[in-house]
Amino acid sequence: MKISNKQVWFVTGSQDLYGEETLRQVAEDSKKMVEGLNKAGLPLEMVWKPTVRSSEEIYNTMVAAGADANCVGVVTWMHTFSPAKMWIGGLKVLQKPLCHLHTQFNREIPWNAIDMDFMNLNQSAHGDREYGHIVSRMRKETKIIAGHWQDQPVQDKLAVWMRVANAWDDARDMKIARFGDNMNNVAVTDGDKVEAELKLGYHVDYYPIGDLVAYVNAVTPDELQAMLAVYDSSYKVAPNAKEGGKDRQSVVEAARQEVAIRKFFAERNIKAFTTNFDALHGMHQLPGLASQRLMADGFGFGGEGDWKTAALVRTMKVMALGLPGGTSFMEDYTYHFDGKNNAILQAHMLEVCPSIAKNTPSLEVFPLGIGGKADPARLIFDTAPGAGIASTIIDLGNRFRMIVNEVEVIEAKPMPKLPVANAFWVPKPNLEVGAQAWIMAGGTHHTSFSKALTTEYIEDYAEIAGIELLYIDKDTNIRQFKQDMRINEVYYLLNK
Ligand code: MN
């Protein structure tokens, strides 16, 4: 099952030197490779393109790839030698994600049959090195995947890159709605929206909450009933939140907000959004339930005006389409120093995505204790143990920095008096080193958390975007991490 109708192009490099018969074989082999890869269940369709043999053909193919709205990236492979000066013009104009599949059509050397004809045809081992040289010389970011194209690890890496390329494409027309501004005085959630659009593609627009209130007030009784019916059939509804319960009105108002927000977004093609509990004039409550359910449907979300996290949540959700595990906005809340497996409790006021829920969430109404509005409805659940990643993008003033921390979700104990969805995790390599590195790097208290994705997705994304990425994983060592940050500081100053 494909995750979208977008495609990646497969471009095979060669040259005229080999004669017609060899070039016919090159075309046939690369067609078979594309057919085979398409049958392997990759997330996007791969489109075979005629072999490129000259700088003109390479240039024209890359221009066409750039102009085709359906093409989200280009995979290159040299079946034979392809003198790489021919690639300069084409690679210069290509602005889409690039992947270098360093493979070979045949799997093993045919020891008894191998002759010079075979050697002339199967030259990926040196043809791809010649091509790779110019990509490197041009300082062009590419994902290099080495190995036989029929091997699972190779196809897995290709699948990751395709998912990231698709998410990169999704950001081209990603519009993020901010209801209210950034929470006053908060530093890390703010940043340069112009630079974000230049570097990361997405666009951030401000909407006064009053614009949304008009939609809330226009919700019809039928729309409201339909939404409430979805709630009642999807979740375990707490007695006070049930029809006839003393707090049912909070659920009704939450449903009204959700209907309004969905309509508001559909009319404006909005893919991600932020709210701010300080900017709720005319709203009954903070739209927490709507935020949770919209995230579950693939919308990005960031609390307190955090548009960078909203965008990243959206992007990671697009990467993860159809994969098991779930992706959510998250916040580092409270530590648990038990001396054995020190961990962090993750939650937010309300807005945690039910895609990471262990069991059917319960729909409940409790006071919020912040923001001075009515008691909001929310979905409450725990997150199942297992591996995940927490990622963020921060604005350092002269550049964006991405940070990814591999984490292990562990079992939390019941918290009968804490009515929020949560996850409980140990950052790698452990809480002390993980938290120290994260804080040194300037990481946010908000993250985009995913149990569906791995660090490799974030690595591919940061390279396509051309932004810094710091890794915090099982191998993180503080002295080395500090040194990496110092080196990056110079690198990004010189490569501005
Ligand atoms: Mn927050």
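For the structure, see preceding data.
I will try to describe carefully the structure that is included in this document. (Residues numbered from 1 in each chain as written. Predicted model: local features only at pLDDT ≥ 70, side-chain atom pairs only at ≥ 80, totals over all residues. Heavy atoms only, no water.)

1. Structural notes on the overall build of the protein chain
This is how it is decided: Secondary structure is summarised from DSSP: a helix means a run of H or I of at least four residues, a strand means a run of E of at least two, and numbering begins at the N terminus for each. Each radius of gyration reported is based on C-alpha atoms, and the globular scaling rule is 2.2 Å times the count of residues to the power 0.38. The rule is simple: take the accessible area with a 1.4 Å probe, protein chains only, and divide by the maximum for that residue type; under 20% is buried, over 50% is exposed, in between is partly exposed. Contacts between residues were defined by any pair of non-hydrogen atoms, one from each residue, lying within 4.5 Å. Accessible surface is estimated by sampling points in the Shrake-Rupley manner with a 1.4 Å probe; for residues, cover comes only from the protein chains shown. Asp and Glu count as negative and Lys and Arg as positive, but His and the ends of the chain are not part of the count. Lysine's charge is taken at NZ, arginine's at CZ, aspartate's at CG and glutamate's at CD.
When its secondary structure is counted, the protein chain shows 15 helices and 19 strands. In terms of overall size, the protein chain behaves like a compact globule, its C-alpha atoms giving a radius of gyration of 25 Å where 496 residues would be expected to give roughly 23 Å. Along the first, second and third principal axes, the C-alpha set of the protein chain runs to 85 × 55 × 40 Å. Here the protein chain holds 496 residues, and the buried ones make up 54% of them. Long-range pairs, those at least 24 residues apart, make up 79% of the contacts in the protein chain with a sequence separation of at least 6. Of the roughly 21,600 Å² of accessible surface on the protein chain, a fraction of 52% belongs to carbon and sulfur atoms. Each charge sign in the protein chain was given a centre, from 52 positive and 61 negative side chains, and these centres are 1 Å apart.

2. Remarks on the environment of M138
Checked against the element boundaries, M138 lands in the loop between α5 (124-137) and β5 (143-146). Taking the C-alpha atoms as reference, M138 lies 51 Å from P361; in sequence the two are 223 residues apart. Not counting chain neighbours up to four residues away, the residues in contact with M138 comprise I88, L91 and K92.

3. Observations regarding the pairing of strand β12 (residues 343-347)
To keep things clear, this is the line we draw: We call two strands paired when DSSP finds no fewer than two bridges between them.
Within β12, five of the five residues are buried, which leaves it mostly tucked inside the rest of the structure. Alternating positions in β12 separate into two faces, A343, L345 and A347 on one and I344 and Q346 on the other, with burial throughout. Two strands pair when backbone bridges link them, and strand β11 (residues 327-336) and β12 are joined in this way by five bridges, in the antiparallel orientation. Counted as the bridge partner of H336 is A343 from β12. Turn length for the β11-β12 hairpin, with the two strands adjacent in sequence and antiparallel, is six residues, and the turn residue G339 shows positive phi of about 80°.

4. Overview of the coordination of the manganese ion
What counts, and what does not: Only N, O and S atoms count as donors, using a 2.8 Å cut-off from the metal and 3.2 Å for Na, K and Ca, and because water is excluded some sites may appear unfinished.
Every protein donor of the manganese ion is listed here as E304 (OE), E331 (OE), H348 (NE2) and H446 (NE2), and their distances to the metal cover 2.1 to 2.2 Å. One chain supplies every donor for the manganese ion, spaced along it as E-x26-E-x16-H-x97-H. With E331 in strand β11 and H348 in the loop between β12 and β13 (362-365), this pair connects stretches of sequence that are 17 residues apart. E331 gets classed as buried once you look at its relative accessible area, which sits at 10%.

5. Digging into the sheet that holds strand β7 (residues 203-207)
We apply this condition: Lines fitted to C-alpha atoms define the axes here, with helix axes fitted over just the stretch in contact, and angles between the N-to-C directions of these axes take values from 0 to 180 degrees.
Spatially, four strands are ordered β7-β6-β9-β10 in an open sheet, and the strand pairing comes out parallel. Whereas interior strands pair on both sides, the edge strands pair on one side only; in this sheet they are β7 and β10 (300-302). Neighbouring strand axes in the sheet, compared pairwise and without regard to direction, differ in orientation by 25° on average.

6. Re the layout of surface pockets
Note the threshold: Cavities and pockets are defined on a 1 Å grid built over the protein atoms alone: a cavity is a set of grid points where a 1.4 Å probe fits but cannot escape, while a pocket is an open set with protein on both sides within 12 Å along at least five of seven lines, and lining residues are those with an atom within 4 Å of any such point. Grid points are joined across faces, edges and corners, and a volume is the space filled by probe spheres set on the points. Polar here means any residue outside two lists: the nonpolar Ala, Val, Leu, Ile, Met, Phe, Trp, Tyr, Cys and Pro, and the charged Asp, Glu, Lys and Arg; Gly therefore counts as polar. Domain limits in this description derive from either an automatic procedure or a database domain assignment.
Considered as a void within the structure, the largest pocket measures approximately 1,300 Å³ in volume. Among the elements of the structure, β3 (71-78), α3 (88-93), α6 (152-170), α7 (193-200), α14 (455-465), β19 (468-472) and α15 (478-494) are those that each provide at least two residues to the lining of the largest pocket. With six residues, the single largest contributor to the lining of the largest pocket is α14. Here the lining of the largest pocket is built from residues that sort into 21 nonpolar, six polar and 16 charged. Residues from two domains meet in the lining of the largest pocket; each of domain 1 (7-171) and domain 2 (175-494) gives at least three. In this structure, the second largest pocket occupies an estimated 340 Å³ of space. Forming the walls of the second largest pocket are 18 residues, and the residues nearest its centre are S362, I380, F381, D382 and M415. Considered class by class, the residues forming the lining of the second largest pocket number nine nonpolar, four polar and five charged.

7. Topic: the sheet that holds strand β4 (residues 98-102)
The parallel open sheet is built from five strands, whose spatial order is β2-β1-β3-β4-β5. The strands lining the two open edges of the sheet, one partner per strand, are β2 (45-52) and β5. When strand polarity is set aside, the average angle formed by the axes of neighbouring strands in this sheet is 25°. Across the sheet, α5 is in contact with β3 and β4; its angle to β4 comes to roughly 155°.

8. What about helix α10 (residues 248-268)?
What counts is decided by this rule: Helices are assigned an expected span. That span is 1.5 Å times one less than the residue count.
The end-to-end C-alpha distance of α10 is 31 Å, a good match for the 30 Å that 21 residues give at a rise of 1.5 Å each. Once α10 ends, the next one or two residues include N269, with phi positive near 55°.

9. Examining a nonpolar patch on the surface
Stated precisely, the cut-off is as follows: Surface patches are defined over residues having more than 30% relative accessible area and no salt bridge, joining like charges when they lie within 9 Å and nonpolar side chains (Val, Leu, Ile, Met, Phe, Trp, Tyr) when within 5 Å. When a carboxyl oxygen of Asp or Glu is within 4 Å of a side-chain nitrogen of Lys or Arg, the pair counts as a salt bridge.
Where nonpolar side chains cluster on the molecular surface, the patch consists of I109, W111, I114, M116 and M119 and spans about 550 Å² of accessible area. For W111, the location among the structural elements is in the loop between β4 and α4 (116-121). We classify W111 as exposed; its relative accessible area is 67%.

10. Considerations on the pairing of strand β6 (residues 175-179)
Formally: When the strands point away from the viewer and the connection leading from the first strand across the helix to the second strand turns clockwise, the crossover is called right-handed.
Within β6, four of the five residues are buried, leaving the element largely enclosed by the surrounding structure. With α7 bridging β6 and its parallel neighbour β7, the resulting β-α-β unit is right-handed. With four bridges connecting them, β6 and strand β9 (residues 270-274) associate as parallel partners. For K175, the partnering residue across the bridge sits in β9 and is I270.

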